[in-house]
Amino acid sequence: MDELLNKKNLNLLKELTLSNFKLRNEGSVLGIFWYLLNPLLMLIVLYFIFSKNIGSSIQNYAFYVLIGVIQWNFFSSSTSDGMLSFERYKELVKKVNFPRELLVISSVFNIFLSHLIEWGLLLILLIFISGITYNLIFLPIILLLELILSLTLSLILSVAISYYRDIEGIWKNVLFVGWFLTPIFYAKEIIPNKFSFINIINPLTHIITFARTILINNKQIDLLILSFIFLCLIILFILSYIIFKKLVINVAERI
Amino acid sequence: MIELENVSKKFNINYARRLSVLQNIVNLLDGGKKRYILALKNINLKINKGENVAIIGPNGSGKSTLLRIISGILVPTFGNIRIDTNITSFLQLGIGFHQNLTAKENVYLYGAILGKTRSYISKRFEEIIDFAELRDFVNVKLKDFSSGMQSRLAFSTAIYTDPETLVLDEVLVVGDLEFRNKCFEAFKKFKNQGKTMIFVSHDFDLIRKFFTRTIYLKNGMIVADGDTDKIIKLYEKDSK
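Residues numbered from 1 in each chain as written. Chains lettered and ligands numbered in written order. Predicted model: local features only at pLDDT ≥ 70, side-chain atom pairs only at ≥ 80, totals over all residues. Heavy atoms only, no water.

Colleague: Provide a residue-level description of the overall build of chain A, including the pertinent values.
Modeller: For chain A, the count of helices and strands is twelve helices and zero strands. Relative to the 2.2 N^0.38 estimate, which gives 18 Å for 255 residues, the radius of gyration of chain A is 19 Å and therefore close to what a compact globule would have. Dimensions of chain A, computed from C-alpha atoms along their principal axes, come out at roughly 55 × 45 × 35 Å. Within chain A, contacts between residues separated by at least 24 positions form 78% of all contacts whose residues are at least 6 apart in sequence. Of the roughly 12,300 Å² of accessible surface on chain A, a fraction of 72% belongs to carbon and sulfur atoms. (Helix = DSSP H or I, 4+ residues; strand = E, 2+ residues; numbered from the N terminus. Rg over C-alpha atoms; globule rule 2.2 N^0.38 Å. Contact = heavy atoms within 4.5 Å. Areas by Shrake-Rupley, 256 points an atom, 1.4 Å probe, with all protein chains shown as cover.)

Structure below.
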């Protein structure tokens, strides 16, 4: 892994990420407004439908939904984009030798940059409307968790799709189910006790809950749970990286 | 030094298309029949530092596969490969260029793909642009370039990344006469600097001029390997 983090590779990662970010935002008049348009639309729709029933018992329901939506959006777009990294850079993969994981990581980073803009705008809203506390210092750790989770899945998915085309369709459906099984617009207690394991095994549920705890409830995160989740994600990340490295050697002839 | 020992490359032609899970199961029930192409058979090859080697042969003889194995893009199915040099390969010029970025942005991106940092490219940027003769187009988007201009930019960036070992695959056929002369210029420079070059081409004039050793590949096997003039004569006789 230390081989990955040399100057040459970091430079390529930076160039790939920034040029893609530039290309993605080019020629758009509304600029960063686009990043908030989708979450805002979703917020409006969800608030309109649920604020009187599901959301009535939830403190600060609008921010509750907004935090869930932008974190879910990052997860869903970064893994969908990361999964197709080799597809998008087919020519490059077939003709140039360089660490392939850089393509996947740069896809995720590219989405992460716009996610940071979303967070920035959200924080500004929060400061003006409800105020924030020193618990904000946990936010970088939450962002790191989001990043590790997306990288882990993107690495596995990108290499798996070069073996089985179906992975793309499967992942779309997993995301569809995931949207409903993650407490984005409802309180996680709504899931019946019998199925409460869903909340426990869904890493995104934990990450979103952490964010809401510090930003809406203004409480400290339980450090024990936080470190446990962190450890689990790191282990999964390392595992996925090892599997990725094993399978990726044949990627040039498979895509 | 680059050393290949009994290298074979087998392509599973089923893999040419990514299969769905269902098709895989169907194939299994089918008795697991798989069709292979042996693109390279038992290649033994040693290229020393500073040698200039051309590879010739008819289409489909495995030239490109061999280059991709030497470049580390493909792994051999059988055999070993030992490499103790830094290889920069140009199997196609301008890979990774984006039409919506300017010439300048593309030079930095392409440089990064070839393993060079931003500060390294910055130092050579003026030379790159001068060699490509695109001084007036630095901040113009690539989509407004002719294909000749694009190849010039790619080639110029590539040669100024100062590669230790150069692997080229017929990338130079695209240019006009002027561009060809530029390539000659670059080849001469690399030769004088004692760099290792491995070159696939059908351009025998160019090969005779710069490459002392030639390898003749046919059906994935090395037919002959040795002095350029002799090997080219053999190939010409063979193709008649």
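The discussion continues.
Colleague: Any chance you could break down the packing of helix 1 (residues 7–25) of chain A against helix 3 (residues 103–113) of chain B for me, citing the residues and the numbers?
Modeller: Running from N to C, helix 1 of chain A and helix 3 of chain B point in directions that differ by 145°, and their axes come no closer than 8 Å. For the crossing formed where helix 1 of chain A meets helix 3 of chain B, the hand is left-handed. Along its contact with helix 1 of chain A, which presents A:Asn11, A:Leu12, A:Glu15, A:Leu16, A:Ser19 and A:Lys22, the element helix 3 of chain B presents B:Glu105, B:Tyr108, B:Leu109, B:Ala112 and B:Ile113. Here the residues of the contact of helix 1 of chain A with helix 3 of chain B are counted per class, giving six nonpolar, two polar and three charged. (Axes fitted to C-alpha atoms, helices over the stretch in contact; angles between N-to-C directions. Left-handed = near helix turned anticlockwise from the far one by under 90°. Nonpolar A, V, L, I, M, F, W, Y, C, P; charged D, E, K, R; others polar.)

Colleague: Which residues make up the interface of chain B and chain A, and what values go with them?
Modeller: With 33 residues of chain B at the interface, the matching set in chain A holds 33 residues. Around 3,000 Å² of area is buried between chain B and chain A when both sides are counted, 54% of it from carbon and sulfur atoms. Where chain B meets chain A, there are three salt bridges. One salt bridge connects A:Lys22 with B:Glu105, and the closest N-O pair in it is separated by 2.4 Å. Of all elements in the fold, only strand 1 (2–12), helix 1 (21–29) and helix 3 of chain B reach the threshold of two or more residues within the side of chain B that touches chain A. Here the side of chain B that touches chain A is built from residues that sort into 14 nonpolar, eleven polar and eight charged. (Buried area = accessible area lost by both parts, 1.4 Å probe. Salt bridge = Lys/Arg side-chain N within 4 Å of Asp/Glu carboxyl O.)

Colleague: Give me the lowdown on the sheet that holds strand 8 (residues 213–218) of chain B, citing residues and values where you can.
Modeller: All names here are of chain B. A sheet is described by the order of its strands in space; here six strands give the open sequence 5-6-7-3-8-9, paired in mixed fashion. Of all strands in the sheet, those with a lone pairing partner are strand 5 (87–90) and strand 9 (221–227), marking the two edges. Direction aside, the axes of adjacent strands within the sheet are offset by 15° on average. Across the sheet, helix 2 (residues 63–70) touches strand 3 (52–56), strand 5, strand 6 (165–169), strand 7 (196–200) and strand 8, and the angle it forms with strand 6 is around 150°. (Pairing = 2+ DSSP bridges.)

Colleague: Please provide a residue-by-residue account of unusual backbone geometry, values included.
Modeller: All names here are of chain A. With phi around 55°, Asn60 is a residue other than glycine that occupies positive phi space. As for its placement among the helices and strands, Asn60 is situated in the loop between helix 2 (33–50) and helix 3 (61–83). Classification of Asn60 by relative accessible area gives partly exposed; the value is 31%. Within the chain, Asn218 stands out as a residue other than glycine whose phi angle is a positive 50°. By the element assignment, Asn218 lies in the loop between helix 10 (203–215) and helix 11 (223–247). (Buried < 20%, exposed > 50% of the residue type's maximum accessible area, 1.4 Å probe, protein only.)

Colleague: So what's going on with the layout of surface pockets? Which residues, and what values?
Modeller: If you add up the space inside the largest pocket, you get close to 1,000 Å³. Along the walls of the largest pocket sit 40 residues, with A:Lys8, A:Asn97, A:Phe98, A:Pro99 and B:Ser71 positioned nearest its centre. Put simply, the parts of the chain that give the lining of the largest pocket at least two residues each are helix 1, helix 11 and helix 12 (251–254) of chain A together with strand 5 and helix 3 of chain B. The class makeup of the residues in the lining of the largest pocket is 21 nonpolar, eleven polar and eight charged. Put simply, the second largest pocket is a space of about 550 Å³. When residues of the lining of the second largest pocket are traced back to their parent elements, those giving at least two are helix 3, helix 7 (139–163), helix 8 (167–181), helix 9 (197–201), helix 10 and helix 11 of chain A. When residues of the lining of the second largest pocket are assigned to their parent elements, the largest contribution, six residues, is made by helix 8 of chain A. Its residues placed into classes, the lining of the second largest pocket shows 19 nonpolar, five polar and no charged. (1 Å grid on protein atoms, 1.4 Å probe; cavity = no way out; pocket = protein on both sides within 12 Å on 5 of 7 lines; lining within 4 Å. Points joined across faces, edges and corners; volume = space filled by probe spheres on them.)

Colleague: How would you explain the packing of helix 7 of chain A against helix 11 of chain A if you had to name every residue and give the values?
Modeller: Residues and elements named next belong to chain A. Contact pair helix 7 / helix 11: the axes reach a minimum separation of 9 Å and the direction vectors enclose 25°. Judged by the inter-axis angle, helix 7 sits roughly parallel to helix 11. Remark: the crossing between helix 7 and helix 11 carries left-handed chirality. Of helix 11, the residues touching helix 7 (which contributes Ile141, Leu144, Leu145, Ile148, Leu149, Leu151, Thr152, Leu155, Ile156, Ser158, Val159 and Tyr163) are Leu226, Phe230, Leu233, Ile234, Leu236, Phe237, Ser240, Tyr241, Ile243, Phe244 and Leu247. A per-class count over the contact of helix 7 with helix 11 returns 20 nonpolar, three polar and no charged. (Parallel < 35°, antiparallel > 145°, perpendicular 65-115°, else oblique.)

Colleague: Which residues make up helix 1 of chain A, and what values go with them?
Modeller: Between its terminal C-alpha atoms helix 1 of chain A stretches 27 Å, which fits the 27 Å expected from 19 residues at 1.5 Å a residue. Buried within helix 1 of chain A are the following residues: A:Asn9, A:Asn11, A:Leu12, A:Leu13, A:Glu15, A:Leu16, A:Thr17, A:Ser19, A:Asn20 and A:Phe21. Here the buried face of helix 1 of chain A lies against helix 2 and helix 6 (101–129) of chain A together with helix 3 and helix 4 (118–132) of chain B. The N-capping residue of helix 1 of chain A, defined by a side-chain oxygen 3.2 Å from the backbone nitrogen of A:Lys8, is A:Asn6. Looking at the residues trailing helix 1 of chain A, positive phi occurs at A:Gly27, about 70°. (Expected span 1.5 Å × (residues − 1). Polar contact = N/O pair within 3.5 Å; in protein donor to acceptor, adjacent residues only side chain to side chain.)

Colleague: How would you summarise the packing of aromatic side chains if you had to cite specific residues and measurements?
Modeller: Centre distance and the angle of the planes are the two values used to describe a pair of aromatic rings. In this structure the tally under the stated criterion is 24 aromatic pairs over all chains. For the pair A:Phe50 and A:Phe185, a centre-to-centre distance of 4.8 Å together with 5° between the ring planes defines the contact as stacked. With A:Phe50 in helix 2 and A:Phe185 in the loop between helix 8 and helix 9, the pair connects residues that are 135 residues apart, well separated along the chain. A relative accessible area of 17% places A:Phe50 in the buried class. Consider the rings of B:Phe184 and B:Phe210, whose centres lie 5.6 Å apart with planes at 75°: the pair is edge-to-face. Linking B:Phe184 in helix 6 (residues 177–192) with B:Phe210 in helix 7 (residues 204–210), this pair joins segments that are 26 residues apart in sequence. Grouping residues by exposure puts B:Phe184 and B:Phe210 together as buried. Feature note: the residues A:Phe50, A:Trp72, A:Phe75, A:Trp171, A:Phe176, A:Trp179, A:Phe180, A:Phe185 and A:Tyr186 constitute an aromatic cluster, connected by ring pairs. Positioned over the ring face of B:Tyr36 is B:Lys10, at 4.2 Å from the centre of the ring. (Phe/Tyr/Trp six-rings, centres within 6.5 Å; stacked < 30°, edge-to-face > 60°. Lys NZ or Arg CZ within 6 Å of the ring centre and 35° of its normal.)

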